[in-house]
Amino acid sequence: MQPRNSRLNSSALRGAVDLAAVKAAGEAAQKAEQARVERARQAAAAEAAGVAPDQPAYQLVIDVTEDTFETEIVQRSTEVPVVIDFWAEWCGPCKQLSPILEGLAEEYAGRFVLAKIDVDANPMLSQQFGIQGIPAVMAVVAGQLVPLFQGAESAANVRKVLDQLILVAEQRFGVAGGATAPGEAPAAAPQRPEDPALSAAHDALDRGDLGGAIQAYRNVLADQPGNVEAKLGLSQAELLHRVEGLDLQAVRAAAAADPKNVEVQLQAADLDLVGGHVEDAFGRLVDTVGRTAGEDRDAARLRLLELFEVIGPEDPRVVVARAALARVLF
């Protein structure tokens, strides 16, 4: 388990730029919805057969221990966003927040699952997540850690956070939870028509036509500025286009020899990211922003923001790098 990295399972990062993920993003959302419908169908069938008719498709509030973490949180997060409430019996603010989270879990009826972790009973989990104060609330979506907030919050504020989490889970990870009430007929899974323009962009990316892919993604975004797949695809295509023809060893040697050369630092950061060295890429650009000014500083800052888009704004490494960037800027 590696909760301080983006993945919580044991698989290593094969590279920051996963071209297949771009094409699969839309398919994943549809598959997740189909899985939800199937669970709802099974629950309705069980109710009709008289088998536990008052039970939801899955428990909405669960207690999790170090022994059950992998099953109850990591595996479950592939089907539904899992919100984690780190609490303790002695914690006064926890006693204010926990009932709010539990009530919202019931209200949202399966759009997320609430996992409660007693930090006193599970000190290893608390340590591995870097919990420094409670209550602390995080989420796991498709095995990926999403920090949410720390301290007691009002129901209204928590609801806003949950709404954003659910939106990110559906749009970026294709994870759509949802339970059907007993006896309720499941809705038909929506069929998402293939977008010809987006398909053309994906195809260009697949065959290595980076210039064509960039233009195709831009065409999609001109008509659909909020298209998540197109934004991700464009960021990745532009990154790969920038590193074409660069010599990794030569660029790194040049960057080490001349830290003030902003252009070569940008190239080195791009190569770091493509090679899967995400923290190195972010750290290099944060350092560059810190030691430059004017146009050079703007160039490094904007490149860092572009790389944030490639990795995804909810990734913990992006959250850490944003905080580091804020420190050197202000």
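Right, let's walk through the structure included here. (Residues numbered from 1 in each chain as written. Predicted model: local features only at pLDDT ≥ 70, side-chain atom pairs only at ≥ 80, totals over all residues. Heavy atoms only, no water.)

Observations regarding the environment of Arg-297
Cut-off, in case you're wondering: Each helix is a run of H or I in the DSSP string that is no shorter than four residues. Each strand is a run of E no shorter than two, and both are numbered from the N terminus. Any pair of residues with heavy atoms lying within 4.5 Å of one another is described as a contacting pair.
Among the structural elements, Arg-297 can be located in helix α12 (residues 294-311). Setting aside residues up to four positions removed in sequence, Arg-297 forms contacts with Val-289, Gly-290, Thr-292, Val-328 and Leu-329.

Comments concerning the nonpolar core
Looking at soluble globular proteins, one finds that nonpolar side chains tend to be buried together. Counted only if it meets this: Nonpolar cores are built from buried Ala, Val, Leu, Ile, Met, Phe, Trp, Tyr and Cys residues. Side-chain atoms within 4.5 Å join them into one set. Relative accessibility under 20% of the residue-type maximum defines a buried residue, over 50% an exposed one, and the middle range a partly exposed one, all with a 1.4 Å probe and only protein chains included.
Counting 27 residues, the largest nonpolar core has Leu-273, Phe-282, Leu-304 and Leu-307 as its most contacted members. Of all the elements in the fold, those that place two or more residues in this core are α8 (228-243), α9 (248-257), α10 (262-274), α11 (278-291), α12 and α13 (316-329). Here the element with the most residues in this core is α10; it accounts for seven residues. Within the second largest apolar cluster, 25 residues are counted, among which are Val-82, Ala-88, Cys-91 and Ile-117.

Looking at the packing of aromatic side chains
Heads up, the rule is: Only Phe, Tyr and Trp rings take part, Trp by its six-membered ring, and two of them pair if their centres are within 6.5 Å. Stacked means planes under 30 degrees apart, edge-to-face means over 60, and tilted covers everything else.
Inspection of the entire model under this criterion finds two aromatic pairs. Measuring from ring centre to ring centre gives 5.7 Å for Tyr-108 and Phe-112, while their planes differ by 65°; the resulting arrangement is edge-to-face. Ring geometry for Phe-282 against Phe-308: centres 5.0 Å apart, planes inclined by 85°, an arrangement best described as edge-to-face. With Phe-282 in helix α11 and Phe-308 in helix α12, this pair connects stretches of sequence that are 26 residues apart.

Focus on the sheet that holds strand β3 (residues 113-118)
Which entries qualify depends on this criterion: The pairing criterion is simple: DSSP has to find at least two bridges between the two strands. To obtain an axis, a line is fitted to C-alpha atoms, over the contacting stretch when the element is a helix, and the angle between two such axes runs from 0 to 180 degrees between their N-to-C directions.
The mixed open sheet is built from five strands, whose spatial order is β1-β3-β2-β4-β5. Two strands in the sheet have a free side with no partner beyond their single neighbour: β1 (61-63) and β5 (144-150). Along the sheet, successive strands turn relative to each other by an average axial angle of 25°, direction set aside. In the sheet, β1 pairs with β3 via three bridges, with the strands oriented parallel.

Side note on the pattern of salt bridges
Threshold: Salt bridge, as applied in this entry: a Lys or Arg side-chain nitrogen positioned within 4 Å of an Asp or Glu carboxyl oxygen.
Per the counting criterion, the structure on display carries 14 salt bridges. Among the salt bridges present, the one from Asp-209 reaches Arg-207, with a minimum N-O distance of 3.9 Å. Connected through shared salt-bridge partners, Arg-242, Asp-270, Arg-303 and Glu-306 make up one network.

Notes on the packing of α8 against α10
Just so we agree on the cut-off: Orientation is classified from the angle alone, with under 35 degrees giving roughly parallel, over 145 giving roughly antiparallel, 65 to 115 giving roughly perpendicular, and any other angle giving oblique. Crossing handedness follows the turn of the near helix against the far one: under a right angle anticlockwise gives a left-handed crossing, and clockwise gives a right-handed one. For this classification, the nonpolar set comprises Ala, Val, Leu, Ile, Met, Phe, Trp, Tyr, Cys and Pro, the charged set comprises Asp, Glu, Lys and Arg, and every other residue, Gly included, is treated as polar.
In contact at an axis separation of 10 Å, α8 and α10 are set at 120° when each is read in the N-to-C sense. In terms of axis orientation, α8 runs oblique to α10. In this structure, α8 crosses over α10, and the sense of that crossing is left-handed. Two secondary-structure elements touch here, α8 through Leu-239, Leu-240, Arg-242 and Val-243 and α10 through Asp-270, Leu-271, Leu-273 and Val-274. Classifying every residue of the contact of α8 with α10 by side-chain character gives six nonpolar, no polar and two charged.

Details of the environment of Ala-326
Following the sequence through the fold, Ala-326 ends up in helix α13. Of the residues examined, Ala-326 reaches a relative accessible area of 33% and is grouped as partly exposed. Between the C-alpha atoms of Ala-326 and Val-286, which are 40 residues apart in sequence, the distance is 9.3 Å.

So, the environment of Pro-196
You can see Pro-196 is positioned in helix α6 (residues 196-206). Assessed through its relative accessible area of 64%, Pro-196 is described here as exposed. Separated by 24 residues in sequence, Pro-196 and Val-220 place their C-alpha atoms 9.6 Å apart.

A look at the side chain of Arg-303
Note on placement: Arg-303 falls in helix α12. When sequence neighbours within four positions are dropped, the list of residues in contact with Arg-303 reads Arg-242, Leu-266, Asp-270 and Leu-285.

Here's the deal with the pairing of β3
Basically, it comes down to this: The path from the first strand over the helix to the second decides the hand: if it runs clockwise while the strands point away from the viewer, the crossover is right-handed.
Buried residues dominate β3, accounting for five of its six residues. Summarising the sheet, strand β2 (residues 82-87) and β3 pair through six bridges and their orientation is parallel. When the bridges of β3 are listed, Phe-86 appears paired with Ile-117. Tracing the backbone out of β2, into helix α3 (residues 92-108) and back to the parallel element β3 gives a crossover that is right-handed.

A short note on the packing of α10 against α12
Running from N to C, α10 and α12 point in directions that differ by 10°, and their axes come no closer than 10 Å. With respect to each other, α10 and α12 are oriented roughly parallel. Facing Val-262, Leu-266, Ala-269, Asp-270 and Leu-273 of α10, the residues of α12 in contact are Asp-296, Ala-299, Ala-300, Arg-303, Leu-307, Val-310 and Ile-311. Per-class residue counts for the contact of α10 with α12 are nine nonpolar, no polar and three charged.

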